[in-house]
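For reference, the chains in residue letters:
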2 protein chains.
Amino acid sequence: MFKLNSCLILYTIRNTIMSNIELNDKKIQILEVAEKLFSEKGFDGTSIRDISKMAKINIAMVSYYFGSKERLLEALILYKTSDLKLQIESLLHENLEPLDKVNKLVEIYINRINCNRGIYRILHFELTSKKREENLAAFAELKKGNLKSLETIIREGQSKGIFRTDVVIPLITPTILGTFFHFHMNKPFFQELLHLNTETLYNDYIKNSLTKHIQQTIKALLVYEN
Amino acid sequence: MFKLNSCLILYTIRNTIMSNIELNDKKIQILEVAEKLFSEKGFDGTSIRDISKMAKINIAMVSYYFGSKERLLEALILYKTSDLKLQIESLLHENLEPLDKVNKLVEIYINRINCNRGIYRILHFELTSKKREENLAAFAELKKGNLKSLETIIREGQSKGIFRTDVVIPLITPTILGTFFHFHMNKPFFQELLHLNTETLYNDYIKNSLTKHIQQTIKALLVYEN
DNA sequence: GTTTAATTTAAACACTTGTTTAGTTTTTGT
DNA sequence: ACAAAAACTAAACAAGTGTTTAAATTAAAC
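Residues numbered from 1 in each chain as written. Chains lettered and ligands numbered in written order. Predicted model: local features only at pLDDT ≥ 70, side-chain atom pairs only at ≥ 80, totals over all residues. Heavy atoms only, no water.

Brief notes about the overall build of chain A
Selection rule: Only runs of H or I of at least four residues qualify as helices and only runs of E of at least two qualify as strands under DSSP, and these elements are numbered from the N terminus. Type-normalised accessible area, obtained with a 1.4 Å probe on protein chains alone, sets the label of each residue: buried when under 20%, exposed when over 50%, and partly exposed for intermediate values. Per-residue and other accessible areas follow the Shrake-Rupley method at a 1.4 Å probe size, with only the shown protein chains counted as cover for residues.
Scanning chain A from terminus to terminus reveals 12 helices and zero strands. Seen in sequence order, chain A has helices and strands lined up from the N terminus as α-α-α-α-α-α-α-α-α-α-α-α. Per-residue burial for chain A yields a buried fraction of 53% across its 226 residues. Total accessible area on chain A is roughly 10,300 Å²; 54% of this is exposed by carbon and sulfur atoms.

Some remarks on the protein's contact with DNA strand D
Which entries qualify depends on this criterion: We call a residue near a molecule or strand whenever a single non-hydrogen atom of that residue lies within 4 Å of it. The term polar contact refers here to a pair of N or O atoms within 3.5 Å; inside protein, the definition further demands a hydrogen-donor-capable atom paired with an acceptor-capable atom, and it admits residues adjacent in sequence only when both atoms are side-chain atoms. For this scheme, ten residues count as nonpolar: Ala, Val, Leu, Ile, Met, Phe, Trp, Tyr, Cys and Pro. Four count as charged, namely Asp, Glu, Lys and Arg, and the remainder, Gly too, count as polar.
Neighbouring residues of DNA strand D: 16 residues in total, closest Tyr 65 of chain A together with Ile 48, Arg 49, Ser 68 and Lys 69 of chain B. For DNA strand D, the fraction of protein-proximal atoms (within 4 Å) that sit in sugar or phosphate groups is 48%. Asn 58 of chain A is positioned with one of its backbone polar atoms (N or O) 3.3 Å from a phosphate oxygen of DNA strand D. Between DNA strand D and Ile 48 of chain B there is a distance of 2.8 Å, counted from a phosphate oxygen to a backbone nitrogen or oxygen. Partitioned by chemical class, the residues of the surface near DNA strand D number seven nonpolar, five polar and four charged.

Observations concerning the protein's contact with DNA strand C
In the vicinity of DNA strand C, 16 residues are found, and the nearest of them are Ile 48, Arg 49, Ser 68 and Lys 69 of chain A together with Tyr 64 of chain B. The contact atoms of DNA strand C, taken as those within 4 Å of the protein, divide so that sugar and phosphate hold 44%. Between DNA strand C and Arg 49 of chain A there is a distance of 2.7 Å, counted from a base oxygen to a side-chain nitrogen or oxygen. At 3.1 Å, a side-chain N or O of Tyr 64 of chain B approaches a phosphate oxygen of DNA strand C. A per-class count over the surface near DNA strand C returns seven nonpolar, five polar and four charged.

Notes on the environment of Thr 152 of chain B
Residues and elements named next belong to chain B. Take Thr 152: it is sitting in helix H9 (residues 137-159). Given the relative accessible area of 41%, Thr 152 is considered partly exposed. Considering only alpha carbons, one finds Thr 152 and Pro 98, 54 residues apart in sequence, at a separation of 9.6 Å.

Focus on the interface of chain B and chain A
Our working rule: Working rule for contacts: check all heavy atoms of both residues, and any pair within 4.5 Å makes them a contact. As a working definition, buried area equals the accessible area (1.4 Å probe) given up by two parts on being put together, with both sides summed. Here a salt bridge means any side-chain nitrogen of Lys or Arg lying within 4 Å of a carboxyl oxygen belonging to Asp or Glu.
Across the boundary between the two partners, chain B contributes 49 residues, which contact 49 residues of chain A. Of the roughly 4,300 Å² buried between chain B and chain A, counting both surfaces, carbon and sulfur atoms make up 65%. On the surface where chain B and chain A come into contact, there are two salt bridges. A salt bridge links Glu 192 of chain A to Lys 144 of chain B, with the shortest nitrogen-to-oxygen separation between them at 3.1 Å. There are 10 residue pairs in polar contact (both at pLDDT 80 or more) connecting chain B and chain A.

Section: the relation of the copies chain B and chain A
Selection criterion: The fit set for superposing copies consists of C-alpha atoms from residues with pLDDT of at least 70 in both; the fit itself is least squares.
Overlaying chain B with chain A gives an RMSD of 0.1 Å, the required rotation being 180° about an axis along which the chain moves by 0.0 Å. Those values place the two copies in the arrangement expected of a two-fold rotation axis. Among all residues of chain B, the one whose C-alpha sits closest to the rotation axis is Gly 178 of chain B, at a distance of 1.9 Å. Most of the interface of chain B is mirrored in chain A: 100% of its interface residues are interface residues there too.

As for the nonpolar core
The criterion, for reference: For this analysis, a nonpolar core means a set of buried residues of the types Ala, Val, Leu, Ile, Met, Phe, Trp, Tyr and Cys, connected via side-chain atoms within 4.5 Å.
Judged by nonpolar contacts, the single largest core of 64 residues is most densely connected at Phe 38, Leu 72, Ile 172, Phe 183 and Leu 222 of chain B. The leading source of residues in this core is helix H12 (residues 199-223) of chain B, at nine residues. In this structure, Leu 72 of chain B is in contact with Ile 30, Leu 31, Ala 34, Phe 38, Ile 51, Val 62 and Phe 66 of chain B, ignoring residues within four places of it in sequence. With 61 residues, the next largest nonpolar core counts Ala 34, Val 167, Ile 176 and Phe 181 of chain A among its residues.

Considerations on the pattern of salt bridges
All names here are of chain A. In total, this model carries 25 salt bridges over all chains according to the counting rule given. Between Lys 80 and Glu 32 there is a salt bridge, with its nearest N and O atoms 3.7 Å apart. Placement of the pair is Lys 80 in helix H5 (residues 69-81) and Glu 32 in helix H2 (residues 25-41), with a sequence separation of 48 residues. Exposure remark for Lys 80: the relative accessible area of 2% places this residue in the buried category. A relative accessible area of 21% means that Glu 32 is categorised as partly exposed. Linked through salt bridges whose partners overlap, the residues forming this network are Glu 32, Glu 35 and Lys 80.

Here we look at the confidence of the model for chain A
Regions with low pLDDT carry predicted coordinates that are not meant to be interpreted in detail. Residues and elements named next belong to chain A. We count it as follows: Note: pLDDT gives the predictor's confidence per residue, expressed from 0 to 100.
Here chain A averages 83 in pLDDT, and 83% of its residues register 70 or above. Counting interchain partners and residues more than four positions distant, the pLDDT-below-50 stretch residues 1-5 has six contacts. Within the model, the stretch residues 9-21 combines pLDDT values under 50 with 19 contacts to residues more than four positions away or in other chains.

So, unusual backbone geometry
Located in the positive-phi region is His 195 of chain A, a residue other than glycine, with phi close to 55°. When you line up the elements, His 195 of chain A lands in the loop between helix H11 (187-193) and helix H12 (199-223).

A look at the packing of helix H7 (residues 98-115) of chain B against H9 of chain B
Residue and element names in this part refer to chain B. Rules: The axes used here are C-alpha line fits, helices contributing only the stretch in contact, and every angle between their N-to-C directions lies in the interval 0 to 180 degrees. Here roughly perpendicular refers to angles of 65 to 115 degrees, roughly parallel to angles under 35, roughly antiparallel to angles over 145, and oblique to all remaining angles. Crossings are sorted by hand: turned counterclockwise from the far helix by less than a right angle, the near helix makes the crossing left-handed, and turned clockwise it makes it right-handed.
The N-to-C vectors of H7 and H9 enclose an angle of 155°; their axes lie 8 Å apart at closest approach. The angle between the axes of H7 and H9 places the two elements in the roughly antiparallel class. Crossing angle aside, the handedness with which H7 passes H9 is left-handed. Of the residues in H9, those in contact with Pro 98, Lys 101, Val 102, Leu 105 and Tyr 109 of H7 are Asn 146, Leu 150, Ile 153, Glu 156 and Gly 157. Residues of the contact of H7 with H9, tallied by class, amount to six nonpolar, two polar and two charged.

In structure tokens:
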């Protein structure tokens with residue numbers, strides 16, 4: 001069975017897809033470095049010189065390839081989110097019980113974001129507070145589409161009489177993603193608290209305990225009977 | 001009854017407490033402006049000139065009063081989090097059923113953070129990713145203390161046979177706070193989605209629907225029976 | 001009222017920022 | 001092989017960064 005513990009597979013697929021459109025190896029190299037640094041030091045906290053240094057290229061290459069730092073970010077967003085929509089939508093048509101679909105949705109989300117921590121942190125938390133909304137129209141569309149998919153799954157469960165009907169569906173995504181993000185954003189705190197000394201232990205905890213906790217939470221929220 | 005829809009009361013109390021220690025009006029003015037700008041544009045995205053301009057003071061005054069930009073941030077954190085611990089701990093000794101305590105804890109958290117959005121966004125999401133951990137030891141202690149309080153409440157409910165015992169307690173806070181933060185960090189998205197056109201509508205939605213959703217979630221998670 | 005201390009200021013400091021320019025090297029097409 | 005295009009580079013640009021300095025103003029103390 002295809003287990004979700006590899007970030008590498010999707011990564012390779014994406015590179016293949018994207019490179020057919022417009023990205024060459026150098027651009028990808030820049031994007032990868034940019035993601036790493038943006039996620040570590042924030043967008044404003046990362047300079048083009050930092051990026052070019054780590055990517056071992058000339059400073060001018062970023063402007064040459066992407067035009068500006070802002071447009072580098074836009075390219076990064078596109079690069080990293082282009083195939084999530086497909087992944088979610090294909091889940092819709094799988095032959096699974098509603099609850100299993102929800103569980104798998106959680107699994108996809110967590111694995112997905114866990115493999116692309118940097119860019120999702122920027123997307124969800126750094127950019128929304130600023131006046132960069134106009135640049136992120138495509139991302140808003142992605143969110144809307146994913147919400148529609150979730151709604152379809154839940155409505156299915158509701159019509160089958162499995163899920164309760166007094167749930168505010170748009171607030172479920174915040175619970176799923178918010179729980180993960182809050183955990184991960186406070187990584188040092190939880191690493192100490194839960195004795196997750198190594199990176200492996202930390203990642204395993206996310207893949208197992210945290211994912212299970214979120215699935216348990218959503219299940220309790222959806223299936224709970226008064 | 002004391003309703004939680006006022007951010008002003010706590011704000012006034014805090015100012016009174018803090019000013020007795022070391023803060024004068026000018027310092028407070030700088031801190032308030034700093035919080036506003038940090039929360040809008042991020043720590044790195046805000047310059048001391050921005051702050052001094054909006055606070056209508058000379059640039060040198062920030063260094064004069066706080067020493068540096070980093071230490072201004074530290075002062076801001078202390079200024080804004082000093083009384084949350086007391087508020088949570090006093091809840092522990094109230095004569096309430098465990099579930100009501102949990103619900104009130106959620107209410108306190110959401111109101112509290114909602115009234116201090118800026119600083120909490122910085123604390124939870126901007127600073128944790130960088131190497132600023134050493135500056136935030138006090139904040140980590142606050143988090144630990146609050147977790148202990150939550151644990152006390154839940155253990156109480158468990159020993160009374162009301163709460164299930166297979167819950168990972170440290171993961172409950174991420175669910176509570178993460179849900180709120182994810183909602184608020186994607187404010188423009190949810191404002192459009194849920195037609196919360198005005199600031200009042202948005203705030204009311206947080207105070208009512210979102211708080212209820214989180215309480216419902218935690219209740220389902222704690223009380224759910226197989 | 002004078003002196004001492006605290007506050008406030010404008011200017012300068014050295015440094016980093018994103019971007020552009022003008023020139024060089026490399027690759028590509030014929 | 002040669003010309004055109006693309007890739008790449010070092011240097012410079014103007015603007016902005018956090019911080020410091022030294023002088024001016026205000027407040028406090030005696």
